[in-house]
Protein chains: 2
Amino acid sequence: MALAAEIDKQAKGSAKSGLEPLSALVTDDLQAVNRLIVEHMQSPVALIPQLASHIIAAGGKRLRPMLTLASARLCGYEGERHLGLAACVEFIHTATLLHDDVVDASDLRRGLATANAVWGNKPSVLVGDFLFSRAFQLMVADGSLDVLRILSNASAVIAEGEVLQLMTANDTTSDEAAYMQVIEAKTAALFAAACRVGAVVAERPAAEEEALERFGSCFGVAFQLVDDILDYSALQGELGKAVGDDFRDGKITLPVVLAFQRADEAERAFWRRCLEEQDHRDGDLEQAIEYMQRHDALADAMGRARDYGETARRALDGFADGPAKQALLDVVEFCVDRAY
Amino acid sequence: MALAAEIDKQAKGSAKSGLEPLSALVTDDLQAVNRLIVEHMQSPVALIPQLASHIIAAGGKRLRPMLTLASARLCGYEGERHLGLAACVEFIHTATLLHDDVVDASDLRRGLATANAVWGNKPSVLVGDFLFSRAFQLMVADGSLDVLRILSNASAVIAEGEVLQLMTANDTTSDEAAYMQVIEAKTAALFAAACRVGAVVAERPAAEEEALERFGSCFGVAFQLVDDILDYSALQGELGKAVGDDFRDGKITLPVVLAFQRADEAERAFWRRCLEEQDHRDGDLEQAIEYMQRHDALADAMGRARDYGETARRALDGFADGPAKQALLDVVEFCVDRAY
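Residues numbered from 1 in each chain as written. Chains lettered and ligands numbered in written order. Predicted model: local features only at pLDDT ≥ 70, side-chain atom pairs only at ≥ 80, totals over all residues. Heavy atoms only, no water.

Novice: Before we move on, could you go through the relation of the copies chain A and chain B and cite the residues and values that matter?
Specialist: Each of the two chain copies goes to the other by way of a rotation about an axis and a shift along it. After a rotation of 180 degrees and a shift along the axis of 0.0 Å, chain A superposes on chain B with an RMSD of 0.0 Å. Taken together, the turn and the small shift mark the pair as related by a two-fold rotation axis. (Least-squares fit on C-alpha atoms with pLDDT ≥ 70 in both.)

So this is what it looks like as structure tokens:
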């Protein structure tokens, strides 16, 4: 279980990511989840645990499984089912990361070489498939059709969101509505499902399931907005993710949409050259950031993130005060604040 | 429903594949399954049905869903659940094909350009993920945890088999045991699951579930053995698949294992150059076939396929005679015979 210990250590080291309130709340549960993750990613086919541990031990923040743990706690759950289901949520997330790295040809994730850069595309796709299947095996062992419905729906929506993101990439005519549709699907759907599962294991009324789903969905949108803003921020380097990845990939995120809408013709020509023609020159990223600042694109996107964060927090109004509620409220605030 | 009609027509056209006994038995059910497939591969994200229909309409034999339909019939099932579950089986198979084409960088499948050659690797991976998720959504709608267990287990085993196949590729020291492990996982597991599901919906005793699983597993091994033999056969061109694909990819199939074991040093040098160093020259495929024939490698692999086919057929001994049993017995014989 050396790997599980290493994972625990790295999770503690990720304090600067803004997740302290959550990780403090669920420390013991999260260690149990890390042990389950390591146990269930084993296979007689040696390359599978090798590759899976590369990405799983790479210092992931475990945000999504922590949401399942904290939501279950918020609902007063005292059993152990939330541990296995939190591991499922992380397996689904890891599978999408593996497939995302393949499709984006990314070179870095969390400051480390991506699995596909080390082993090639082939094993990354297949180990992603393995982890995804393993998630469903774990859900079947848990035995709740409601959980299976929530997470299979989320998985289908995530895939739709990823395809939609591909279709809008390099297209400067793609608008804010398309961007919101992408992030609600590729990011918010799993946040929402992770939270809702916490209420399901606690056998709470439908209204509480729905409130937690709303919380997760709005938090997911706020989280992705901030992530997309940070891709144009000097702070980003400190978070271990390369600055300017989205810009180089031609992803149409909200800061780009806003800057393009407000641009004059010369600026639009710049955006088209960089994002559509993928013709990149020295100083382009700095120029992009300058245009964004000129038109308040980053500040307005941050405003949007704050609004979604506030809506997420209000979704918890009906729950009793206590450490779980406070941690969930705080983590939203801290995550939005990481952009400062 | 124009697509469903086109699919039905192509399925009828695939008579030469040796599946006539099965397709004659389940004609009406299969048309209903094709309609369900088309209905459930829809998505507001236009590229998903576009790409999915490309691969699904590409004249797939629908062998695996037909096994579910025929097994249900064999078990006396008279409801409609087998239709949706047969569609699930085909979705899982299609997802693995999409991912398999990506990882193998194949140029042709069933004589048509692969989805990844038309759209690139990215959408193929993601649409595969979508179809896989959709399969689980359909299973959840069906509501049987037994079915979910059988098909999630099969999915994990398939991914393990595909990774193992990668690990043994280009390695002439890889042996018969490793080859059997690969094909039992990557092919036989889904055949076995497809058959077992037919007994599950009919609520038959465990012994019948297990008998159908054994039938599917042995049939799957026989089927894959024949497929691997045909890759070195002149007949292959008529089946719409390029001859010599496995040879060029360096896959270590049974004909290769047997020919290499029985080879002298000069022949071994040839196999190492072609399969390990991937140094291919004009006439290599013909030379490989000549060496295989010299050492009875193809004939002995066929003998093995016939043995597995016979074991499959014997697994049905306990079932009452009738058209369903006869079709299943015949399809095994016809599939093994396609190599002549």
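Novice: A description of helix 4 (residues 47-56) of chain A should follow, citing residues and the corresponding values.
Specialist: When you tally the buried positions in helix 4 of chain A, you get eight out of ten residues, the bulk of the element. What helix 4 of chain A keeps buried is the set Leu47(A), Ile48(A), Pro49(A), Leu51(A), Ala52(A), Ser53(A), Ile55(A) and Ile56(A). (Buried < 20%, exposed > 50% of the residue type's maximum accessible area, 1.4 Å probe, protein only. Helix = DSSP H or I, 4+ residues; strand = E, 2+ residues; numbered from the N terminus.)

Novice: Which residues make up helix 10 (residues 176-201) of chain A, and what values go with them?
Specialist: Structurally, the α-helix is built with 3.6 residues per turn, so residues lying three or four positions apart point the same way. Residue and element names in this part refer to chain A. Taking 1.5 Å as the rise per residue, helix 10 with 26 residues should run 38 Å; its terminal C-alpha atoms sit 36 Å apart, in good agreement. At Ala188, helix 10 shows its maximal bend, which comes to roughly 45 degrees. Burial within helix 10 is extensive, with 22 of its 26 residues counted as buried. Where helix 10 begins, one side-chain oxygen reaches toward the backbone nitrogen of Ala177, 3.3 Å away; that side chain belongs to Asp175. Immediately downstream of helix 10, the backbone of Glu203 shows phi near 55 degrees, a positive value. (Expected span 1.5 Å × (residues − 1). Bend = angle between axes of the 7 residues up to and from the residue. Polar contact = N/O pair within 3.5 Å; in protein donor to acceptor, adjacent residues only side chain to side chain.)

Novice: Before we move on, could you go through unusual backbone geometry and cite the residues and values that matter?
Specialist: Trans is the common state for peptide bonds, and a negative phi is the common state for residues other than glycine. If you check the backbone angles, Glu203(A) has positive phi at about 55 degrees while not being a glycine. In this fold, Glu203(A) is placed in the loop between helix 10 and helix 11 (206-230). Phi at Arg62(B) is positive, roughly 60 degrees, even though this residue is not glycine. With respect to the helices and strands, Arg62(B) occurs in the loop between helix 4 (47-56) and helix 5 (63-74). With relative accessibility at 2%, the residue Arg62(B) sits in the buried group.

Novice: Can you tell me about the interface of chain A and chain B, naming the residues and giving the values?
Specialist: Between chain A and chain B, the contact holds 36 residues from the first and 37 residues from the second. Carbon and sulfur atoms make up 77% of the surface buried where chain A meets chain B, a total of about 3400 Å² over both sides. At the junction of chain A and chain B, the tally comes to zero salt bridges. In this assembly, chain A and chain B are joined by six residue pairs in polar contact (both at pLDDT 80 or more). Among the secondary structure elements, those contributing two or more residues to the side of chain A that touches chain B are helix 4, helix 6 (81-104), helix 8 (121-142) and helix 9 (145-168) of chain A. Looking at which element gives the most residues to the side of chain A that touches chain B, the answer is helix 9 of chain A, with 14 residues. (Contact = heavy atoms within 4.5 Å. Buried area = accessible area lost by both parts, 1.4 Å probe. Salt bridge = Lys/Arg side-chain N within 4 Å of Asp/Glu carboxyl O.)

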